[in-house]
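Spelled out from the first residue to the last, the chains are:
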Amino acid sequence: MKKILITLLIIIALPIFILYITGHGYILTAVSRTYLVGNTTANINDHQQFNTRVISASKTQAWKTSNNYPKPLPQELHAQLSQGKASAFMVIHQGKIVSEKYFNGYTDRSKTNSFSMAKTIVTLMVGKAIEEGYIESLDQAATDFIPEFQTDPLGKEASIGSFSTMTSGYDWDEQYYSPFSPTVELFYGDDVEDFVLSGSFSSKPEKVLYYSSASTQILALILDRALKAKDSNWTLSKYLSQKFWQPLGMNDDALWHLDGQGMELAYCCINTNARNFAKFGQLMLQNGQWQNKQLIDADYIRLMSKPTLANNYGYSTWLNSDNKPQYYAFRGHLGQRIIIVPSHDLVIVRLGEDSLGGIEVLESLYVKHSLELIQP
C-alpha cells in the first residue's frame, strides 16, 4: 500500500515539477482559476479568483430614462442574447436609457469583467496623461519610459501611440485557449512587467497591425511609469478613479485585476456593471464632454475612432465603416461590447458569459434592433 501511495505522489508531483522547471507554472494557476471552478477559459466573474485593486467611486450621477422606459427587446434579439448567455443589454439614446435587460440572475449592480474593453479605457487614460503633461504625445518614443527596449533595433523605434494602434511590431501570439499561449501566461503569470519586458520586436513599427494584449500592457506600463515619475503614489486604478470614474458619477466602486506584484492587468479586467460601462460609450459619443465639462480633449476622442493601418482599427477602438449606419466599439472576450453609433446618438452595451456568432454579425444585429427600439 505504501508503494502505491508513493507511486501516486510521484505521478502527481512529477508533472507539477516539470511545469515549474520549464517556466510553465502559471498553467497550474490557470487550471485552478478556470477548470476547477467549472470554466474552460477566463470568465466574467473571475475577479473572485484574483487579487484586485479598487477603482473608487464618489457621488453617483444616475442615468436618465426615456419616457417609455423600459422598452421590451425585439423577440429575435432577446432570443440571441439568451442563447449567447448574455448577462446584460442596454440601449441609450440621446443620453437616456431606452431599454435595459438583465439575464441569468445578473443585475444593474453586478460586477463583471470588461476583458479587452479595458484596452480602450487605458488609451483614454493615456490621452488624459498627455493633457496633464505626464507624457509629451503619442509620438513620443516609448524608450523614454521603457529603456529596456533601447537595445532592440526595432523596439527603440516604437512610439507610445504604436502600442495603442497595435502597430509597435512587438512579437506576440494572441491566443486564449492554448495553455502554452503567451496570452494565457500574461493573464495567469505572477509578474506581467517582467514578462512583457522580456519580449522582443519582430517588425518595424507602424508597418504591421497585430492585435496584442501585451501591447496594451506595455502601454499601461509606460503610463504607470510616467505617473510615478511625478508622484510615486499614483496607481493606474487611482488615476482612472480620479480622472474618469468619479467625474462620470459611477454608481459603484470597480475592481481591477492585479498580478502577483500589484500591477494592474491593464489589457483586460476592469470589473463593473453595464450602467457604468455605458458611461464610457456616452463619453466617447459626446467627444469627451460630460455634464458640461471636458473630461478629455475632443480631438483625442476623434483620433481614437479614426482608422490607422487598417480600416477597422483606430487607437484601441474597433471600427465598422461598412455597416449602415457606421459605428465604433470597445470589444472584449466572450462578447463584451460598448457600441457607439454617432449618427443616431446611440450607445449599446452587451455583457455576457459567452457569445454565439461572428463579431460584426452580432454587432450589426445589436445596432439594427437598437434602432428599432429608439423609434417613436
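Rules behind the numbers
Residues numbered from 1 in each chain as written. Predicted model: local features only at pLDDT ≥ 70, side-chain atom pairs only at ≥ 80, totals over all residues. Heavy atoms only, no water. Disulfide = S-S within 2.5 Å. Buried < 20%, exposed > 50% of the residue type's maximum accessible area, 1.4 Å probe, protein only. 1 Å grid on protein atoms, 1.4 Å probe; cavity = no way out; pocket = protein on both sides within 12 Å on 5 of 7 lines; lining within 4 Å. Points joined across faces, edges and corners; volume = space filled by probe spheres on them. Nonpolar A, V, L, I, M, F, W, Y, C, P; charged D, E, K, R; others polar. Pairing = 2+ DSSP bridges. Helix = DSSP H or I, 4+ residues; strand = E, 2+ residues; numbered from the N terminus. Core = buried A, V, L, I, M, F, W, Y, C linked by side-chain atoms within 4.5 Å. Contact = heavy atoms within 4.5 Å. Phe/Tyr/Trp six-rings, centres within 6.5 Å; stacked < 30°, edge-to-face > 60°. Lys NZ or Arg CZ within 6 Å of the ring centre and 35° of its normal.

Caption draft 1: Inspection of the state of the cysteines at higher detail. For the coordinates displayed, the defined rule picks out one disulfide. Each sulfur of the disulfide joining Cys268 and Cys269 lies 2.0 Å from the other. A torsion of -80° about the S-S bond marks the disulfide between Cys268 and Cys269 as left-handed. Each member of the pair Cys268 and Cys269 is classed as buried.

Caption draft 2: Empty space enclosed by the protein, seen in detail. Taken as a whole, this structure holds one cavity of 30 Å³ or more when the rule is applied. The space that makes up the largest cavity amounts to roughly 40 Å³. Around the largest cavity, the lining residues are Ser87, Ala88, Tyr102, Tyr106, Thr107, Ser110, Thr112, Asn273, Ala274 and Leu351. Broken down by class, the residue content of the lining of the largest cavity amounts to five nonpolar, five polar and no charged.

Caption draft 3: Broad picture of the sheet that holds strand β6 (residues 254-257). On the basis of which strands lie adjacent, the open sheet formed by four strands has the order β1-β6-β7-β5 and antiparallel pairing. Edge positions in the sheet fall to β1 (52-55) and β5 (112-113), since each has one partner strand and no second. Note: β1 against β6, four bridges, orientation antiparallel. Bridge pairing links Arg53 to Trp256 in β6.

Caption draft 4: Spatial organisation of the nonpolar core. By size, the foremost hydrophobic cluster in this structure holds 90 residues, and its most contacted members are Leu240 and Phe280. Top element by residues in this core is helix α8 (residues 213-230). It accounts for nine residues. Residues within four places of Leu240 in sequence aside, it is in contact with Ile55, Ile121, Met125, Trp245, Trp256, Ile270 and Phe280. Membership of the second largest hydrophobic core comes to 20 residues, among which are Leu73, Val98, Leu346 and Ile348.

Caption draft 5: The arrangement of the packing of aromatic side chains in detail. If you walk through the whole model with that rule in mind, you get 17 aromatic pairs. An aromatic cluster of three or more residues is present, and its members are Phe149, Phe163, Tyr170, Trp172, Phe195 and Phe201. The positively charged end of Lys101 is found above the aromatic ring belonging to Phe103, 6.0 Å away from the centroid. Note that Lys238 overlies the ring of Trp234, its terminal NZ or CZ placed 5.6 Å from the centroid.

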